[in-house]
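Commentary on secondary and tertiary structure
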Amino acid sequence: MKHTAQSLARQFCLGAYVNAVDALLWHDTFDYMASLKDDSVFQKKQIASLWAQYGGDLRAKIKDDALVLKVLKRALPGAHGDGYTVYRGESWFLFDNDQIGFCWTTSEDIATTYAKGLNAVESGGVLLKCYAPPEAILAIENNVFICDPTYLLRLSTLALFPKL
């Protein structure tokens, strides 16, 4: 099946992830979704689940955090209640270029695993800690806090790990 930005957007809006699609088409799809007039097309809980699992892959394909954030703000359910202290294992390269990712956890151990492992492959890893006030939290899915990095407070570096 040949995908278009519209057909891929329909699947994403229902919470379905299509992996075998060109990165440029994913960028075009997010451009298309950012321009939609009606937020009711987004199945927000399903998209939160999709993003918690595949968001890193999508972010790497799209390579435009501002565009991703624009869509996520509309496509995710948000959270109500308290803020949280959250952690993230980030690649040193992305951290150094002010490109902090969207997925965080309340578990320092889980974040450390990412900082030492998957996110340390290309440039080394960094363990981050910050406070996510309620307005920063776009969704919470299985202890994955999908956050707007621009609202995170008191960001600190807890540890650095070598390149794998």
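This text gives an overview of the structure that appears in the document. It should be emphasised that the depicted structure is a prediction, and the values quoted were computed from it without experimental measurement.

Conventions used here
Residues numbered from 1 in each chain as written. Predicted model: local features only at pLDDT ≥ 70, side-chain atom pairs only at ≥ 80, totals over all residues. Heavy atoms only, no water. Helix = DSSP H or I, 4+ residues; strand = E, 2+ residues; numbered from the N terminus. Rg over C-alpha atoms; globule rule 2.2 N^0.38 Å. Buried < 20%, exposed > 50% of the residue type's maximum accessible area, 1.4 Å probe, protein only. Contact = heavy atoms within 4.5 Å. Areas by Shrake-Rupley, 256 points an atom, 1.4 Å probe, with all protein chains shown as cover. Lys, Arg positive; Asp, Glu negative; His and termini not counted. Charge placed at Lys NZ, Arg CZ, Asp CG, Glu CD. Salt bridge = Lys/Arg side-chain N within 4 Å of Asp/Glu carboxyl O.

1. A short note on the overall build of the chain
When you go through the chain residue by residue, the secondary structure sums to 6 helices and 6 strands. The N-to-C order of helical and strand elements in the chain reads α-α-α-α-β-α-β-α-β-β-β-β. The C-alpha atoms of the chain give 16 Å as radius of gyration, which agrees with the globular expectation for 164 residues (15 Å, within 12%). Counting all 164 residues of the chain, 46% fall into the buried class. Considering only contacts within the chain whose residues lie at least 6 apart along the sequence, 72% involve residues at least 24 apart. Accessible area for the chain stands at about 8600 Å²; split by element, carbon and sulfur atoms hold 53% of it. For the chain, the centre of its 16 positive side-chain charges and the centre of its 18 negative side-chain charges are spaced 3 Å apart.

2. As for the pattern of salt bridges
Opposite charge on two side chains allows them to pair when their charged atoms are near. Applying the stated criterion across every chain yields a total of 6 salt bridges. With a shortest N-O distance of 3.3 Å, Asp148 and Lys73 are connected by a salt bridge. Separated by 75 residues along the polypeptide, Asp148 in the loop between strand S5 (144-147) and strand S6 (153-161) and Lys73 in helix H4 (residues 65-75) bring together distant segments of the chain.

3. Here we look at unusual backbone geometry
At Asn142, a residue that is not glycine, the phi angle is positive and equals roughly 50°. Note on placement: Asn142 falls in the loop between strand S4 (137-141) and S5. Positioned with a positive phi, Asn143 is a non-glycine residue whose angle comes to about 65°. Relative to the elements of secondary structure, Asn143 occurs in the loop between S4 and S5. By relative accessible area, which is 30% here, Asn143 ends up partly exposed.

4. Here we look at the environment of Lys163
Note that Lys163 resides in the segment after S6. Judged by its relative accessible area of 57%, Lys163 is exposed. Expressed as a C-alpha distance, the spacing of Lys163 and Gly81, which sit 82 residues apart in the sequence, is 38 Å. Among all residues touching Lys163, those that are not within four sequence positions of it are Ala120, Val121, Glu122, Ser123 and Gly124.

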